[in-house]
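# Close look at the chain arrangement
Letter by letter, the chains look like this.
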Amino acid sequence: MPVEITWWGHATCTVEDSGVRVLTDPLFARRLAHLRRRRGAVPPPEAAAAEIVLVSHLHSDHLHLPSLARLAPGTRLVVPRGAVRAVPGLTRLGLRLTEVRPGDLVEAGDLRIRVVSAHHDGRRLPFGPHRSPALGYVIEGRARTYFAGDTGLFDEMADEVGPVDVALLPVGGWGPFLGPGHLDPGRAAQALARLAPRSAVPVHYGTYWPIGLDGVRPHEFHAPGDDFVRHAAQLAPGVAVHRLLHGESVRPEVAR
């Protein structure tokens, strides 16, 4: 059975591997606070179908309670340690919650999911102490797929993540400027060169944009995917980069 990856927009992806559907950071909203979905239709109901759901950190565009409420009751939800304390509404969703931290291992069917670090402020904004880590995940089945969540570039990334076949890397954001703890197209290409997977899919760009800022630096909304492809061709020419449209899928080549 081939491995298939679908990008629904922002950081929301479905990874199908070894008969298991893994969903990352589900965000199915047309609007979130001051953000509006400007590209791609809201994902269809089948996008919420998954055996296990991975949440990288507590920001509301990654841990979105109304989107999580679309999951089937009893779905396993993996969240950073401290998430239930910071977001009490999680306990009212009828999901099977598992809190994790870097170094933990989760199993789902024939998959092993390793929890790795991310360099990002993962607290529940706009308030709250910094008690929950931001995470990445390595999904190991027929392929080894790295979902980076939201992260900056850090020295230990390649060593901690280890060998992977596919990297799902954030390459942009939801506003004209990226703060610390993020990857832009150039830094994402540097990460790609260090990780050296067979394939990559850029995510976390070109979906949401602040209301009223449509005319402010529109390049920052439209271009990160293409910019990442260009930088990756220079820094990691051996990696096949798949720039997906919203709702589009790819079956990447797997070495084993």
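Structure first, text after, so check above.
In this text the structure is predicted, and so the values were computed from the model without any measurement. (Residues numbered from 1 in each chain as written. Predicted model: local features only at pLDDT ≥ 70, side-chain atom pairs only at ≥ 80, totals over all residues. Heavy atoms only, no water.)

In this section: the pattern of salt bridges. Following the criterion strictly, the structure yields nine salt bridges and no others. Put simply, Arg144 and Asp165 hold a salt bridge, and the shortest N to O gap is 3.5 Å. Of this pair, Arg144 sits in strand 12 (residues 144-147) while Asp165 sits in the loop between helix 3 (157-161) and strand 13 (166-170), and the two are 21 residues apart along the sequence. Each of Arg112, Arg114 and Glu140 takes part in a single network of salt bridges with overlapping partners. (Salt bridge = Lys/Arg side-chain N within 4 Å of Asp/Glu carboxyl O. Helix = DSSP H or I, 4+ residues; strand = E, 2+ residues; numbered from the N terminus.)

Relative to the helices and strands, Thr98 resides in strand 8 (residues 96-100). For the pair formed by Thr98 and Arg217, sequence separation is 119 residues and the distance between their alpha carbons is 40 Å. In this view, Thr98 contacts Arg76, Leu77, Val78 and Val79; residues no more than four positions away in its chain are not counted. (Contact = heavy atoms within 4.5 Å.)

This part is about the environment of Leu95. Positionally, Leu95 belongs in the loop between helix 2 (83-86) and strand 8. Leu95 sits 57 residues away from Gly152 along the chain, and the two C-alpha atoms are 30 Å apart. Ignoring any residue separated from it by four or fewer positions in sequence, one finds Leu95 in contact with Leu68, Leu71, Ala72, Gly74, Thr75 and Leu77.

Spatially, seven strands are ordered 8-7-6-3-2-1-17 in an open sheet, and the strand pairing comes out mixed. The sheet is open, and its two edges are formed by strand 8 and strand 17 (248-250), each paired on a single side. Strand-to-strand twist in this sheet, taken as the mean axis angle between neighbours without regard to direction, amounts to 20 degrees. Where strand 7 (residues 76-80) meets strand 8, five bridges bridge the pair, whose relative direction is parallel. Its bridge partner lying in strand 8, Val78 is registered against Thr98. (Pairing = 2+ DSSP bridges. Axes fitted to C-alpha atoms, helices over the stretch in contact; angles between N-to-C directions.)

It is worth spelling out the packing of aromatic side chains at this point. For the structure on display, the rule yields two aromatic pairs. Residues Trp7 and Tyr205 carry aromatic rings whose centres are separated by 5.3 Å and whose planes lie at 10 degrees to one another, so their mutual orientation is stacked. Of this pair, Trp7 sits in strand 1 (residues 4-9) while Tyr205 sits in the loop between strand 14 (199-203) and strand 15 (208-210), and the two are 198 residues apart along the sequence. Residue Trp7 is classed as buried on the basis of its relative accessible area, which comes to 1%. Taking NZ or CZ as reference, Arg38 lies 5.1 Å from the ring centre of Phe221, over its face. (Phe/Tyr/Trp six-rings, centres within 6.5 Å; stacked < 30°, edge-to-face > 60°. Buried < 20%, exposed > 50% of the residue type's maximum accessible area, 1.4 Å probe, protein only. Lys NZ or Arg CZ within 6 Å of the ring centre and 35° of its normal.)

Let us look at the nonpolar core. In terms of nonpolar packing, the biggest core is built from 49 residues, with Ile52, Tyr137, Tyr146, Leu192 and Phe228 touching the most fellow members. For this core, the leading source of residues is helix 4 (residues 185-195), giving five residues. Setting aside residues no more than four positions away along its own chain, Tyr146 makes contact with Val116, Tyr137, Val138, Met157, Val161, Val164, Val166, Ala167, Leu168, Leu169 and Leu195. (Core = buried A, V, L, I, M, F, W, Y, C linked by side-chain atoms within 4.5 Å.)

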